[in-house]
Amino acid sequence: MYVLCSPCILNPSLRAKGITHPSDIALFARSIGRCKKFGIDVVPLPCPETQYLGPDRKPGTYLERLNTPEFATLLEGLCANVNKIIEERGSPLCILGVNSSPTCGVTSTYYGAEGDKPALRENRGVFYAKFPDIPAQDVAVFSKYRIYLAAPLFSEAERSYNTVIAELLRAHYYEVSLPQDAGDDHAVRDKNEHMRIYNHNRRAIRDADILVAIIDGADADSGTAWEMGYAAALKKPVIALRTDFRMNGSHERVNLMLEQASRVVTNKNGLLESLGCSLVHAHQPEKKST
């Protein structure tokens, strides 16, 4: 189990001069931390720009400095080396990249101004575009993997469904904080226990990157609604899973304040897509060299 990785994520000095900020370093570190947590090998890709322009290059677009026959030849050779890795190890979970890179951008790339087209375009960089069948994910997305799962937990059915969703997320390499795992599963509690649970859950929401809420039922669970509001106030992404087909109004699936503060999805696949899991697929057995 492994990911292919833009080498600058492991060694930011490979990036063009002056473009790396502390926030970038933090994203890189969290992405590598996710891989370490789940035992995912990180296999660095070669850096075409460094090999062609050297380590002291200034920022530039593909059209400005890389659109040459020599660079095209270099790129083909590097792609052949990467394909050998894939043949030996099997398909990677994904390719990790850094958006805006002329070579390793995932959803945006500085290709260069051409006619009425802007320099920054929606597309993969020219190196990553050579691997269209391999899912790619930007580090800004991949680094957000800590999830707080807000949901009602007062019946066996609710707790069982919460566990199903938590295990689904963990199978896609997400760290999940599930309140029922912290002991919030019984009715007889004193005030000290109330405060412990409150502080534990509030801290877990603050530490999370994303809050996923289950909001089935005629009305959303009050505790879940509070947790959604708290996460929204902290400016954290909130994804609300509502499989209940009932509507709360002509234009609302649920209370409008909750709906406006979250992205509402209606099934497990929608949840995974909202998290970007379509880019990090389930693990496949690795091929063994013969």
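Since the structure is predicted, the reported quantities are computational estimates derived from the model, not experimental observations.

**Quick word on unusual backbone geometry**
- The phi dihedral of Ser100 is positive, around 85°, even though this residue is not glycine.
- Here Ser100 is to be found in the loop between strand S3 (95-97) and strand S4 (108-110).
- The residue Lys235 is not glycine, and still its phi comes out positive at about 60°.
- Residue placement: Lys235 occurs in the loop between helix H9 (222-233) and strand S10 (238-241).

**Things to note about the pairing of S10**
- Residue alternation in S10 divides its side chains into two sets, Val238 and Ala240 and Ile239 and Leu241, and both sets are buried.
- Bridge analysis of strand S9 (residues 210-214) against S10 gives four bridges, and the strand direction is parallel. Opposite Ala213, over in S10, you have Ala240 as the bridge partner.
- In this fold, the crossover linking S9 to S10 by way of H9 has right-handed handedness.
- In this structure, S10 lies alongside strand S11 (residues 263-265), joined through three bridges in parallel fashion.

**Points about the pairing of S9**
- Counted residue by residue, S9 has five buried out of five residues, so it is predominantly covered.
- Here S9 shows a buried face lined by Ile210, Val212 and Ile214 and a second buried face lined by Leu211 and Ala213.

Rules behind the numbers
Residues numbered from 1 in each chain as written. Predicted model: local features only at pLDDT ≥ 70, side-chain atom pairs only at ≥ 80, totals over all residues. Heavy atoms only, no water. Helix = DSSP H or I, 4+ residues; strand = E, 2+ residues; numbered from the N terminus. Buried < 20%, exposed > 50% of the residue type's maximum accessible area, 1.4 Å probe, protein only. Pairing = 2+ DSSP bridges. Right-handed = clockwise from strand over helix to strand, strands pointing away.

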